[in-house]
Amino acid sequence: MRGFILGVLITLVVLFGGVFLYLKLGMLDIRAAQPISGIEHEMAEMAMDSSVDKQAPHTENPIKPTDDNLMTGAMLYEKNCSLCHGSVADPNHTSPMAQAFYPHVPQIVKRIPGDEDWHLFFVTKYGVRDTGMPAWEKTMKDDDIWRVVTFVKHSDKLSPTVQEMWQTYGTPSGVAPAPAKPAK
Ligand code: HEC
């Protein structure tokens with residue numbers, strides 16, 4: 001029994017020591033600009049889905065998809081999310097920033113996520129750590145987060161009024177306008 005416990009301890013020390021050295025010797029490539037590793041992506045996606053499923057309250061979306069709510073959702077989306085997730089003003093709704101992150105940013109109005117509203121609400125409110133996805137809990141009220149979620153989910157079936165407003169309001173994302181030349 002003592003031999004077994006010693007064996008387990010030595011294995012743990014070797015494992016942790018190995019990971020520590022790997023990181024300490026600079027062997028982990030921290031660049032965001034590199035091909036996405038398939039297995040890392042699969043594992044991270046599984047961890048995220050399981051975590052959200054366990055932690056998020058499975059509540060119903062309190063916001064109805066009325067034109068008013070969808071317009072507010074569209075505006076909030078363009079202002080806060082389109083830079084990364086794609087704007088109506090970008091060809092194909094794809095942001096130039098889509099591939100700039102590790103993991104890449106899903107283009108959520110081009111390919112609307114099939115997840116439940118509460119899942120999207122939870123991810124938006126609390127963000128996803130170790131990715132570029134920020135937490136919006138301090139900058140957006142819960143009802144407004146629900147409005148953005150409602151807009152994303154309905155973005156392929158907007159009424160002409162909302163569609164027109166979104167089209168007018170949308171700005172190409174990811175490219176900052178050139179600063180004005182200082183007056184001489
Ligand atoms: C600075 C870039 C950035 C901004 C701004 C941003 N996101 Fe994200 N978002 C990301 C990244 C990167 C991911 C991918 C995370 C991952 O793969 O786990 C992500 C993932 C998500 C997901 C999960 C999609 C899925 O299919 O599981 C949702 C939902 C989401 N974001 C909503 C939003 C909303 C709503 C806003 C605006 C209020 C927003 N994001 C703003 C970078 C951003």
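Residues numbered from 1 in each chain as written. Predicted model: local features only at pLDDT ≥ 70, side-chain atom pairs only at ≥ 80, totals over all residues. Heavy atoms only, no water.

A.B. asks: Pulling in residues and values, what's your account of the confidence of the model for the protein?
C.D. replies: Low pLDDT marks stretches whose predicted atomic positions should not be read closely. Counting all residues, the mean pLDDT for the protein is 91, and 92% of those residues have values of 70 or more. For the protein, the element scoring lowest by mean pLDDT is helix α7 (residues 160–169), at 85; helix α5 (residues 117–126) scores highest, at 98. (pLDDT = per-residue confidence, 0-100. Helix = DSSP H or I, 4+ residues; strand = E, 2+ residues; numbered from the N terminus.)

A.B. asks: Could you give an account of the site of the ligand, naming the residues involved and the relevant values?
C.D. replies: In the neighbourhood of the ligand, 23 residues make up the surrounding shell, with Met48, Cys81, Cys84, His85 and Met133 lying closest. Measuring from a nitrogen atom of the ligand, one finds a side-chain N or O atom of His85 at 2.7 Å. Those elements that provide at least two residues to the shell around the ligand are α4 (82–85) and α5. Counting residues per element, the shell around the ligand draws most heavily on α5, which supplies three residues. Residue composition of the shell around the ligand, by class: 17 nonpolar, five polar and one charged. (Near = heavy atom within 4 Å. Polar contact = N/O pair within 3.5 Å; in protein donor to acceptor, adjacent residues only side chain to side chain. Nonpolar A, V, L, I, M, F, W, Y, C, P; charged D, E, K, R; others polar.)

A.B. asks: Outline the coordination of the iron atom of the ligand, supporting the account with residue identities and numerical values.
C.D. replies: For the iron atom of the ligand, the protein coordination sphere consists of His85 (NE2) and Met133 (SD), at 2.0 to 2.2 Å. Relative to the metal, the six donor atoms surrounding the iron atom of the ligand lie at angles of 86 to 178°, and the coordination shape comes out octahedral. Here the residue His85 occupies a position in helix α4, and Met133 occupies one in the loop between α5 and α6 (142–154), the gap between them amounting to 48 residues. Classification of His85 as buried rests on a relative accessible area of 11%. (Donors = N, O, S within 2.8 Å, 3.2 Å for Na, K, Ca; no water. Tetrahedral: all angles 85-135°; square planar, octahedral: opposite > 155°, others 65-115°. Buried < 20%, exposed > 50% of the residue type's maximum accessible area, 1.4 Å probe, protein only.)

A.B. asks: Please give an account of the packing of aromatic side chains that cites residues and values.
C.D. replies: This model, assessed by the stated rule, comprises four aromatic pairs. Ring geometry for Phe121 versus Trp146: centroids 4.2 Å apart, planes at 15°, classification stacked. Of the two residues, Phe121 sits in helix α5 while Trp146 sits in helix α6, which places them 25 residues apart along the sequence. Given the relative accessible area of 10%, Phe121 is considered buried. Ring pairs connect the aromatic residues Tyr77, Phe151 and Trp166, which therefore count as one cluster. (Phe/Tyr/Trp six-rings, centres within 6.5 Å; stacked < 30°, edge-to-face > 60°.)

A.B. asks: Quick one: what's the story with the UniProt feature "domain: Cytochrome c" (unreviewed entry) in the protein, residue by residue and with numbers?
C.D. replies: Annotation from UniProt places "domain: Cytochrome c" (unreviewed entry) at residues 68–156. Here residues 68–156 runs as 45% helix and 0% strand, with 16 Å between its end C-alpha atoms. (UniProt positions renumbered as here; feature names shortened; annotations may be inferred.)

A.B. asks: If you had to explain the pattern of salt bridges to someone new, which residues and values would you point to?
C.D. replies: Applying the stated criterion to the full structure yields five salt bridges. The residue Asp142 makes a salt bridge to Lys125 at a minimum N-O spacing of 3.1 Å. Here Lys125 lies in helix α5 and Asp142 lies in helix α6, a separation of 17 residues in the sequence. Here Asp142 falls in the partly exposed class, since its relative accessible area comes to 34%. (Salt bridge = Lys/Arg side-chain N within 4 Å of Asp/Glu carboxyl O.)

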